[in-house]
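An overview of the molecular structure
As a plain string of letters, each chain reads:
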Amino acid sequence: MAPISIKTVLISESVDPRCRAILEENGIRVTEKQNMKKDDLIAEIKNYDGLVVRSATKVTADVIDAAGNLKIIGRAGTGVDNVDVDAATKKGIIVMNTPSGNTISAAELTCALLMSLSRQDESCFHGQHARPSLYSFMYLRRVIIMPFCIFRYVPQAAMSMKQGNWDRKKFMGAELYGKVLGIVGLGRIGKEVASRMQSFGMRTIGYDPITPPEVTASWGVEQMSLEQLWPLCDYITVHTPLMPSTVGLLNDKSFAKCKTGVKVVNCARGGIIDEDALLRALQTGQCGGAGLDVFVEEPPKNRSLIDHPNVISCPHLGASTQEAQARCGEDIALQFVDMVNGKKLVGAVNAQVLASTFSQDSNQLIKLGEAVGAVLQSCTAAEKLFSHVKITTQGDCMKSSTGYMTSSVLVGLLNPKSGCCPNLINVLSLAKESGITVNQSHCASDEASSGVCKVEIMSNGCSYKASGSVQGGVPVLLELSESVFRQPVSLTGNLLFFKASANPQLLSSVAGCLASEGVEIESFSAPADRTGDLWYCVGISSLLRDLGALKPLVKDAAQLTI
């Protein structure tokens, strides 16, 4: 992929100073403006190529629509709930996060909440749900920043001591040793939680639809279905992204399948645990306690959960450590710089197709795909919008390129007809919106036809085909709608395609017509077959002002610049 030009970046929240320093060291101008209201951000964003946010800035569709130059949105953290990813994708803007920046901090907070829950005795408070919570953040924070062994002094006991009490029996807890911890979501954070809690002798089980069971088994986590997991757990912690399939993952039905008194922790995203269902489970004793760092609404206006005596709550502190903030700020800046320099793409949540395009070979293949698509579009411009596209790659050298080859072909096909400029990021969604069915496949081939991209489009029941490859580092066209070129067409510069029947005077007649228009022929490619109406290609010094000049000589004509 060609490097993306990022010259100006807006940082709209407080991030580590290293973020700005790294960007400026690499020639990127940085502006920091914090606490902007939505209207201010909309007015400001049009001036920048890049935007860096944390969690407070809401990058809505309105903001994205106002961003005429924006190419990338960087989230200095993990979740991108505050960014309208669909709107960004549609506009061809990369959305990037720092997937590992706050891993350790979030895992440590999860462990802190698990340990604090283990040292409370929920029976002391059953039925006292109207009491103000003793588990305020200020006291939990005192616990978290102390050496790890001090977690035994849980917030409630600390508050009782400060009130002059000495209630040893009241604060009877339970050991973590031998208990079962269910980890829902076995990515980076889930893995770190597992390794830490195993140190306390906990048995760790889990569920993840992506990470293979054999991989998690190497961490000491036994995978199983959620239906199997719920009834086994003494503690449950969730570490999934918030998406339709994870909203309300822990709800009335799943709580009913759990052990009585199960304790739950959510340091991931508000809404993964159904808050109303959790409150009901706490009130009946089905849930023995909850540690919550995140909420559906932040800050929560409904304080029913926060004020419940068996709930330990924090104001979204998963990434609130000096180390995590420094790491996230530095990571997002380095990711910007690596992308701008064409080295690699890390953390893109909506542009995975780009991850494998940072090489010279992939750049050439992308140019090939775009050029073949553009040729087909030009030569079928008189037709109505095509309804079906089939892209087939052939040869071992193209085995891993089918994804971005499909996108690059579509960029060439859609470019002149799209309301907004298509690119590798947004072109699949644009094609879907246009009602175009896209099929992609890869097949092996013999050595003679290795490294070939074949494209077929359907329009009004008619099929149009083209195929090309990269030869000597240059994209070339091998075939256009049954016309196999004797000499492959170099897909660069000004090209004139025309369809005609073969005759000895064809080339001289076309050359004379072009000369009368002040256009010189630079190259000529004819089909190997000489029967019927076939496509020819002429490399020309400049495009014709009017293709109508060729009408007396040819059946059809198209021209383009690549």
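Residues numbered from 1 in each chain as written. Predicted model: local features only at pLDDT ≥ 70, side-chain atom pairs only at ≥ 80, totals over all residues. Heavy atoms only, no water.

1. Points about the overall build of the chain
Within the chain, the regular secondary structure consists of 17 helices and 22 strands. In terms of overall size, the chain is more extended than a compact globule, its C-alpha atoms giving a radius of gyration of 31 Å where 562 residues would be expected to give roughly 24 Å. Each principal axis of the C-alpha atoms in the chain carries an extent, and together these give about 110 × 50 × 35 Å. By the burial criterion, 50% of the 562 residues in the chain qualify as buried. Across the chain, contacts joining residues at least 24 apart in sequence account for 65% of those joining residues at least 6 apart. As presented, the chain carries roughly 25,600 Å² of accessible surface, and 52% of it is formed by carbon and sulfur atoms. Here the chain holds 53 positive side-chain charges and 54 negative ones, and the gap between their average locations is 5 Å. (Helix = DSSP H or I, 4+ residues; strand = E, 2+ residues; numbered from the N terminus. Rg over C-alpha atoms; globule rule 2.2 N^0.38 Å. Buried < 20%, exposed > 50% of the residue type's maximum accessible area, 1.4 Å probe, protein only. Contact = heavy atoms within 4.5 Å. Areas by Shrake-Rupley, 256 points an atom, 1.4 Å probe, with all protein chains shown as cover. Lys, Arg positive; Asp, Glu negative; His and termini not counted. Charge placed at Lys NZ, Arg CZ, Asp CG, Glu CD.)

2. Brief notes about the environment of V470
Locating V470 in the fold gives a position in strand β16 (residues 462-471). Linking V470 and L186, residues 284 residues apart in sequence, is a C-alpha distance of 42 Å. Once residues lying within four places of it in the same chain are set aside, the contact partners of V470 are Q364, L365, L368, G451 and P475.

3. Some words on the sheet that holds strand β20 (residues 521-525)
Through backbone hydrogen bonds, the strands of a sheet pair up, either in parallel or in antiparallel fashion. The strand order β20-β21-β19-β22 describes an open sheet built from four strands, whose pairing is antiparallel. The open sheet has two edge strands, β20 and β22 (556-561), and neither has a second partner. Taking each pair of neighbouring strands and ignoring which way they run, the sheet shows an average axis angle of 20°. Across four bridges, the pairing between β20 and strand β21 (residues 533-540) is antiparallel. By the bridge assignment for β21, S523 is matched with G539. Sitting on the sheet, helix α14 (residues 360-379) is in contact with β19 (494-501), β21 and β22, with an inclination near 140° to β22. Where helix α17 (residues 506-516) meets the sheet, its contacts fall on β19, β20 and β21, and the angle it forms with β19 comes to roughly 135°. (Pairing = 2+ DSSP bridges. Axes fitted to C-alpha atoms, helices over the stretch in contact; angles between N-to-C directions.)

4. Some points on the packing of aromatic side chains
Counted under the stated rule, the structure contains two aromatic pairs. With 5.4 Å between their ring centres and 10° between their planes, F498 and Y536 make a pair best called stacked. Of this pair, F498 sits in strand β19 while Y536 sits in strand β21, and the two are 38 residues apart along the sequence. The exposure class of F498 is buried, given its relative accessible area of 0%. The buried category is assigned to Y536, whose relative accessible area is 2%. Both rings, one in F524 and one in Y536, keep their centres 6.1 Å apart while their planes meet at 15°; by these two values the pair is stacked. Taken together, the residues span a long stretch of sequence, with F524 in strand β20 and Y536 in strand β21 at a distance of twelve residues. Judged by its relative accessible area of 32%, F524 falls in the partly exposed class. (Phe/Tyr/Trp six-rings, centres within 6.5 Å; stacked < 30°, edge-to-face > 60°.)

5. Focus: the sheet that holds strand β15 (residues 452-459)
Taken together, the six strands give an open sheet; going across it, the order is β14-β13-β15-β16-β17-β18, and neighbouring strands pair in mixed fashion. Taken across any chain shown, the strands that pair with only one partner, and hence form the sheet edges, are β14 (437-443) and β18 (483-490). Within the sheet, the average angular offset between the axes of one strand and its neighbour, ignoring direction, is 20°. Here strand β13 (residues 388-394) pairs with β14 via seven bridges, running parallel. Following the sheet pairing, I391 is matched in β14 by Q440. Those strands touched by helix α15 (residues 402-414) are β13, β14 and β15, and its axis lies near 140° from that of β14.

6. What to know about the pairing of β13
Within β13, five of the seven residues are buried, which leaves the element mostly enclosed by the surrounding structure. Across seven bridges, the pairing between β13 and β15 is antiparallel. When the bridges of β15 are listed, H388 appears paired with M458.

7. Brief notes about the side chain of T204
Residue placement: T204 occurs in strand β7 (residues 203-207). Note on T204: relative accessible area 3%, which makes it buried.

8. Quick notes on unusual backbone geometry
Glycine aside, a negative phi is what most residues show, and trans is what most peptide bonds show. Each neighbour pair has its own omega, and for E298 with P299 the value is -5°, a cis peptide bond. Tracing the chain through its elements places P299 in the loop between β11 (287-292) and β12 (311-313). A positive phi angle, near 75°, is found at E482, a position not held by glycine. One can find E482 in the loop between β17 (474-480) and β18. The exposure class of E482 is exposed, given its relative accessible area of 55%.

9. Structural notes on the nonpolar core
Nonpolar side chains in soluble globular proteins tend to end up buried together. M339, L477, L480 and F497 are the most contacted members of the largest nonpolar core, which has 69 residues in total. Counting residues in hydrophobic clusters, the runner-up holds 31 residues, among them V262, A268, L278 and V311. (Core = buried A, V, L, I, M, F, W, Y, C linked by side-chain atoms within 4.5 Å.)

10. Considering the pattern of salt bridges
On inspection of all chains with the given rule, the structure shows 17 salt bridges. Measuring nitrogen to oxygen at the nearest pair gives 3.0 Å for the salt bridge that ties D234 to K259. Here D234 is found in the loop between α10 (226-229) and β9 (235-238), whereas its partner K259 is found in the loop between α11 (252-257) and β10 (262-266), with 25 residues between them in sequence. A residue is classified by how much of its surface remains accessible, and K259, at 32% relative accessible area, is partly exposed. Taken together, the salt bridges that share partners define one network made up of R20, E24 and E32. (Salt bridge = Lys/Arg side-chain N within 4 Å of Asp/Glu carboxyl O.)

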